[in-house]
Structures are given as structure tokens and as C-alpha cells.
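# Topology and contacts: notes
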Amino acid sequence: MIKSYITTATVTNKRTLVLDEIFPRIPKRVRVTLEALPTTKTGSGFLVKLTEIHKTLLHSEYQSRRKDEIDAELRAERNSWGE
């Protein structure tokens, strides 16, 4: 018997779906049916949330770490391991 799975997903572009659940790998073609879900006041899509986060960070005092800072932290951590 063929097992079917039902989940929700976010369409990120014309060819990509980001599934809300992880499924076992199915090594063959599958059928996908898209049905738009109603928008709720309490929740919004992944991309809407991501855009909100980016706007909040842009307008805040948050300073992301530079590459050289991250590299220095990694070096220090690795040096602390001792060999």
C-alpha cells in the first residue's frame, strides 16, 4: 500500500516548497497538490516573518559580527582544545 503524507509548506519561488515537516526520503517522483490556506491574524508565512526580522534588525542598534571577528573566535576556541 502506498503511504501518503499531508503537511503545510511555504512557496518560496516558482519551483521551491519549504515543508513544515520532515518526511522519509522517497526515491521516486511524488504528486504534489497545492491549496492556498486562509491567512490568519495570529500567524503569517515564513517569508513575512523573515522580512519582519530583517526590518527590525535594520532599525535596531544590532551590529552583526564581521567575518574576521568570527574567525578569531573560532581560532581561539580551537586553540583552547589543546592537542
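One can find the structure itself at the top, above this paragraph.
The structure displayed is predicted, hence computed values, not measured ones.

The helix and strand inventory of the chain stands at two helices and two strands. Each helix and strand of the chain, placed in order from N terminus to C terminus, yields the pattern β-β-α-α. Here the C-alpha radius of gyration of the chain, 21 Å, is well above what a compact globule of 83 residues would show, namely 12 Å. Its C-alpha atoms give the chain principal-axis dimensions of roughly 55 × 40 × 25 Å. Burial statistics for the chain: of 83 residues in total, 1% are counted as buried. Carbon and sulfur atoms make up 56% of the accessible area of the chain, which amounts to about 8,900 Å² in all. A distance of 13 Å separates the average location of the 15 positive side-chain charges in the chain from that of its 11 negative side-chain charges.

As for its position among the elements, Gly45 is in the loop between strand S2 (16-19) and helix H1 (46-59). The exposure class assigned to Gly45 is partly exposed, which follows from its relative accessible area of 32%. A C-alpha to C-alpha distance of 23 Å links Gly45 and Ser60, two positions 15 residues apart in sequence.

This part takes up the pairing of strand S1 (residues 9-13). As paired elements, S1 and S2 share four bridges and run antiparallel to each other. Counted as the bridge partner of Asn13 is Thr16 from S2. In sequence, S1 turns back onto S2 through a hairpin of two residues.

Take the pattern of salt bridges next. Per the stated rule, a full pass over the model turns up four salt bridges. When the shortest N-O distance is used, the salt bridge between Asp68 and Arg66 registers 3.1 Å. What makes Asp68 partly exposed here is its relative accessible area of 46%. Two residues, Asp71 and Lys67, come together in a salt bridge whose shortest N-O distance is 2.7 Å. Of this pair, Asp71 and Lys67 both sit in helix H2 (residues 67-81), four residues apart, which is roughly one turn of that helix. Counted as one network, the salt bridges with shared partners bring together Arg66, Asp68 and Glu69.

Quick notes on the rules
Residues numbered from 1 in each chain as written. Predicted model: local features only at pLDDT ≥ 70, side-chain atom pairs only at ≥ 80, totals over all residues. Heavy atoms only, no water. Helix = DSSP H or I, 4+ residues; strand = E, 2+ residues; numbered from the N terminus. Rg over C-alpha atoms; globule rule 2.2 N^0.38 Å. Buried < 20%, exposed > 50% of the residue type's maximum accessible area, 1.4 Å probe, protein only. Areas by Shrake-Rupley, 256 points an atom, 1.4 Å probe, with all protein chains shown as cover. Lys, Arg positive; Asp, Glu negative; His and termini not counted. Charge placed at Lys NZ, Arg CZ, Asp CG, Glu CD. Pairing = 2+ DSSP bridges. Salt bridge = Lys/Arg side-chain N within 4 Å of Asp/Glu carboxyl O.

Read these as spatial facts, not as claims about activity.
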